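Structural features, examined
Below are the chains, spelled out letter by letter.
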Amino acid sequence: MAKQAFKAESKRLLEMMIHSVYSNKEIFLRELISNASDAIDKIYYKALTDDSLVFDKDSYYIKVMADKDERTLTVTDTGIGMTKDELESNLGTIAKSGSLAFKNENEIRDGHDIIGQFGVGFYSAFMVADHVTVITKALGSDQAYKWESSGADGFTIEPVEKESIGTEIILKIKENTEDENYDEYLEEYRLRAIIKKHSDFIRYPIKMDVTERRLKEGSEDEYEDYIEEQTINSMVPIWRKNKNELTAEDYENFYHEKHYGFDKPIKHIHIKVDGTVRYNAILFIPEKIPFDYYTKEFEKGLELYSNGVLIMEKCGDLLPDYFSFVKGMVDSEDLSLNISREMLQQDRQLKFIAKNIKNKIKRELESLLKDDREQYEKFFEEFGRQLKFGVYNNFGQDKEMLQDLLLFYSSKEKKLVTLDEYVSRMAEDQKYIYYATGESIERIAKLPQTELVADKGYEILYFTDDVDEFAIKMLMSYKEKGFKSVASGDLGIEEEQDKKQTESEEKENKKLLDYMKEVLSGKVKDVKISKRLKSHPVCLAADGEVSIEMEKILSAMPNNEQVKADKILEINGDHDVFQALKSAFDQDREKARLYTNLLYNQALLIEGLPIEDPVEFTNNMCKVMV
């Protein structure tokens, strides 16, 4: 029996495929099972047009059998089988796909698609096997054939006896090496795990002889092992069932079975699209943030299936970063895959699905915000920071997508509110959406800078996340209303009369203010008399794009460039402290210097900024006391 060489560049392609196309050796079993499923599908399709064929689904299955003694793994199917010509054509030319040809000839487009379209998957067997034997008998043929190969050197085909129609693939598993444990592909538990992971939703039963344990007959404490044939795969995926067949418990069970999380999801989203691109998806919004969510180890993405076969465990291209907390899966028959099915081509189908999923998630979150505010606030407490980051990221290209999902604590409502709710309550004469930044709600409420805005009766949004102000700066405005920090130099609410009075006071006290500015040279840009302060003697305001809170955040970052805010020290001209300062300036310049430094350090403490010299500060406090 003469050995035939692989055709064309198949020998070189086979060597490349074995060593580089597949990144994970366990994929070989997925490929063989997918091919077996294709073979059964072909009988199903023929039965649709051939009245002499009756397709009884219960008669069709795939069986996986391991023999540790012989080091063989066998995958058997009851599918359509192959003729000698098909063996030579399909298994003699790498990347020649019988499934693709069958699909094209039959113009299949009915949602019951052929999985294999490339004809490369079969050769993944050589990643784990030294020798591969295929015994097959085609539908309508009296003769069976055996195809054998030990790899790139070529193959042989000879006639054999086989009673039933179908194909049997026998792998002679390689011996272990220092780097690879091939024994695992003969272990029952490992084979079951691979089948459940990659082929759980193949639509025909995948059977295995499974070892079980039972009490010995006539014994109370002696056990024995026995072999039982079991179906390993689920076959009908939950996403192909009608929504009205499923309960909330069914979705929750699926969430836990797929190990998406240990929590209970806040919401599930079941999508079925039968358009230009067909796909099903089940998405979950988790209740709790994963422990590693803000680490480099966290990997976003949805499980991606092609016609029920797992292609990728984490397809990051299906989710934008700001929705990276979403868990779930997508199953499509219309994706363009590369020859190993492990990677997607960057095509319009994938982008179409990703866009639809993004919009669907947004709509569901809006619905949750509207219909179940309590649950949405729980969600936002866990993942709101990520939405805010989405507003800021990529130069704000997604800000309009996310702005209505944001929540901030309100000084007036004493709870979280949306930007829309804030704007709807704005007074007629109010020009800006006011906000204050700080480490906590309690600290912000005590800030001197809030006094004038609060005295006007205006609502203030409290920003406690380090990303808040960056996001708002990127957002710029909401419904034509700009944002204004209460620490801003110009609040836009000073009365003309107050402005004139302030100008008069600053002119009157120009020498004192210039002196203070000189004492604080390099620390503040200017010293001014303030009308924003009511009960407090002093505060810091920011002049320019960088706020004081931004300075604190940027300074805490590694490798920071020491970005500083331009600070203005504002003094309450109506406070007793200012009168003491004026008196000291007139009578004792050293005391005026002491008071100036104390007031500056007090302003730093109020802002939560570090004092440059704590020892000097405490000494100065002592000087005032004696």
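Residues numbered from 1 in each chain as written. Predicted model: local features only at pLDDT ≥ 70, side-chain atom pairs only at ≥ 80, totals over all residues. Heavy atoms only, no water.

Looking at the overall build of the protein
Convention followed: Each helix is a run of DSSP H or I of at least 4 residues and each strand a run of E of at least 2, with the numbering of both proceeding from the N terminus. Throughout, a contact is declared for two residues whenever any of their heavy atoms are within 4.5 Å. Throughout, the Shrake-Rupley method with a 1.4 Å probe supplies accessible areas, and for residues the shown protein chains are the sole cover considered.
Secondary structure summary: the protein contains 19 helices and 22 strands in total. Within the protein, contacts between residues separated by at least 24 positions form 68% of all contacts whose residues are at least 6 apart in sequence. Carbon and sulfur atoms form 45% of the exposed surface of the protein, whose accessible area is close to 31600 Å².

Let's talk about the pattern of salt bridges
We apply this condition: Here, a salt bridge means any Lys or Arg side-chain nitrogen found within 4 Å of an Asp or Glu carboxyl oxygen. Residue exposure (1.4 Å probe, protein chains only): buried if accessible area is under 20% of the type maximum, exposed if over 50%, otherwise partly exposed.
Considering all chains together, one arrives at 41 salt bridges under this definition. Residue K258 is joined to E303 by a salt bridge in which the shortest nitrogen-to-oxygen separation is 3.6 Å. Remark: E303 occurs in strand 11 (residues 302-306) and K258 occurs in the loop between helix 6 (248-257) and strand 9 (267-274); sequence separation between them is 45 residues. On the basis of relative accessible area, K258 is assigned to the buried category, the value being 18%. Among the residues examined, E303 registers a relative accessible area of 10% and is labelled buried. The partner of E366 in a salt bridge is K362, with the nearest N and O atoms 3.7 Å apart. Linking E366 with K362, this pair stays in helix 7 (residues 348-371), spanning four residues, or about one helical turn. Looking at E366, the relative accessible area reads 29%, which means it is partly exposed. Three or more residues joined by partner-sharing salt bridges are found here, namely E26, E184, R190, K197 and E313.

Here we look at the nonpolar core
How we decide: In this description, a nonpolar core means a group of buried Ala, Val, Leu, Ile, Met, Phe, Trp, Tyr and Cys residues linked to one another through side-chain atoms lying within 4.5 Å.
In terms of nonpolar packing, the biggest core is built from 69 residues, with L318, F323, Y376, F379 and L387 touching the most fellow members. It is helix 7 that provides the largest number of residues to this core, a total of eight residues. Leave out the neighbours within four places in its chain, and F379 touches I266, I285, F325, L365, G384 and L387. Of all hydrophobic cores here, the second largest spans 45 residues; its members include I43, F122, M127 and L191.

A look at helix 17 (residues 576-587)
Because each turn of an α-helix spans 3.6 residues, side chains separated by three or four positions end up pointing in the same direction. To be explicit about the condition: Here the expected length of a helix is defined as 1.5 Å per residue gap, with one fewer gap than residues.
Between its first and last C-alpha atoms helix 17 spans 17 Å; for 12 residues at 1.5 Å apiece the expected length is 16 Å, and the two agree. For helix 17, the elements touching its buried residues are helix 15 (510-519), strand 20 (526-530), strand 22 (566-572) and helix 18 (589-607).

Considering the packing of helix 15 against helix 18
Our working definition: Lines fitted to the C-alpha atoms define the axes, with helices restricted to the stretch that makes contact. Angles between their N-to-C directions range from 0 to 180 degrees. These descriptions rest on fixed angle ranges, namely under 35 degrees for roughly parallel, over 145 for roughly antiparallel, 65 to 115 for roughly perpendicular, and the rest for oblique. Here a crossing is called left-handed whenever its near helix is offset anticlockwise from the far helix by less than a right angle, and right-handed whenever the offset is clockwise.
Between helix 15 and helix 18, the shortest axis-to-axis distance is 10 Å and the interhelical angle comes to 65 degrees. Here helix 15 lies roughly perpendicular to helix 18, going by the angle between them. The crossing of helix 15 and helix 18 is right-handed. Judged by residue contacts, Y515, M516 and V519 of helix 15 engage R589, A592, R593, T596 and N597 from helix 18.

Details of the side chain of D200
Note that D200 resides in the loop between helix 5 (188-199) and strand 7 (206-215). Discounting residues that sit within four places of it in the chain, D200 has contacts with I195, I232, N233, S234 and M235.

Describing the sheet that holds strand 4 (residues 144-149)
Test applied: By this definition, two strands are paired if DSSP reports at least two bridges between them.
Here we have eight strands laid out as an open sheet, ordered 5-4-3-6-2-1-7-8, and mixed in their pairing. Whereas interior strands pair on both sides, the edge strands pair on one side only; in this sheet they are strand 5 (155-160) and strand 8 (223-231). Each adjacent strand pair in this sheet contributes to an overall mean axis angle of 25 degrees, direction not counted. Pairing of strand 3 (residues 129-137) with strand 4 involves six bridges; the strand directions are antiparallel. Bridge pairing links K137 to A144 in strand 4. Across the sheet, helix 5 touches strand 1 (62-67), strand 2 (72-77), strand 7 and strand 8, and the angle it forms with strand 7 is around 130 degrees.

Points about the packing of aromatic side chains
How we decide: In this scheme Phe, Tyr and Trp rings, the latter by its six-membered ring, pair at centre separations within 6.5 Å, and the angle between planes marks the pair as stacked below 30 degrees, edge-to-face above 60, and tilted otherwise. In this scheme, the term charge over a ring applies when either NZ of a lysine or CZ of an arginine sits within 6 Å of the ring centre and within 35 degrees of the ring normal.
Evaluated as defined, the whole model comprises 34 aromatic pairs. On the basis of an interplanar angle of 70 degrees and a centroid distance of 4.8 Å, the ring pair of Y293 and F298 is categorised as edge-to-face. Overall, Y293 belongs to the buried group, its relative accessible area being 6%. Taking the relative accessible area as the measure of exposure, F298 reaches 16% and is therefore buried. Three or more aromatic residues joined by ring pairs form one cluster here, namely Y293, Y294, F298, Y322, F323, F325, Y376, F379, F380 and F383. For the cation-ring pair, R385 lies above Y294, with the distance from its terminal atom to the ring centre recorded as 5.7 Å. Taking the ring centre of Y515 as reference, the NZ or CZ of R589 above it sits at 5.6 Å.

Re the sheet that holds strand 21 (residues 538-543)
Pairing in this open sheet of three strands is mixed, and the strands run 20-22-21 from one edge to the other. Strands at the two margins of the open sheet, each flanked by one partner only, are strand 20 and strand 21. Averaged over neighbouring strand pairs, the angle between their axes works out to 35 degrees when direction is ignored. Direction of pairing for strand 21 relative to strand 22: antiparallel, over a ladder of six bridges. Counterpart to L540 in the pairing with strand 22 is L569. Sheet strands touched by helix 18: strand 21 and strand 22. Its angle to strand 21, the strand with the most contacts, is close to 70 degrees.

Regarding the pairing of strand 17 (residues 460-463)
The two faces of strand 17 match: I460 and Y462 on one face and L461 and F463 on the other face are all buried. Sheet topology note: the strand 14 (residues 408-410)/strand 17 ladder contains two bridges and is antiparallel. Its bridge partner lying in strand 17, Y409 is registered against Y462.

Observations regarding the packing of helix 13 (residues 468-475) against helix 16 (residues 548-556)
Just so we agree on the cut-off: Here the term charged refers only to Asp, Glu, Lys and Arg, the term nonpolar to Ala, Val, Leu, Ile, Met, Phe, Trp, Tyr, Cys and Pro, and the term polar to all other amino acids, Gly among them.
Between helix 13 and helix 16, the least distance of the axes is 9 Å, while the angle of their chain directions is 125 degrees. By the angle between their directions, the pair helix 13 and helix 16 is classed as oblique. Both helix 13 and helix 16 take part in a crossing whose hand is left-handed. In contact with E469, F470 and K473 of helix 13, helix 16 contributes E549, M550, I553 and L554. A breakdown of the residues in the contact of helix 13 with helix 16 according to their chemical character gives four nonpolar, no polar and three charged.

With respect to the confidence of the model for the protein
Quick reminder of the rule: Note on scores: pLDDT gives the predictor's confidence for each residue, bounded by 0 and 100.
Per-residue confidence for the protein averages 86 on the pLDDT scale, and 89% of its residues sit at or above 70. In this model, residues 108-119 is a region of pLDDT below 50 whose contacts with residues beyond four sequence positions or in other chains number 55 contacts.

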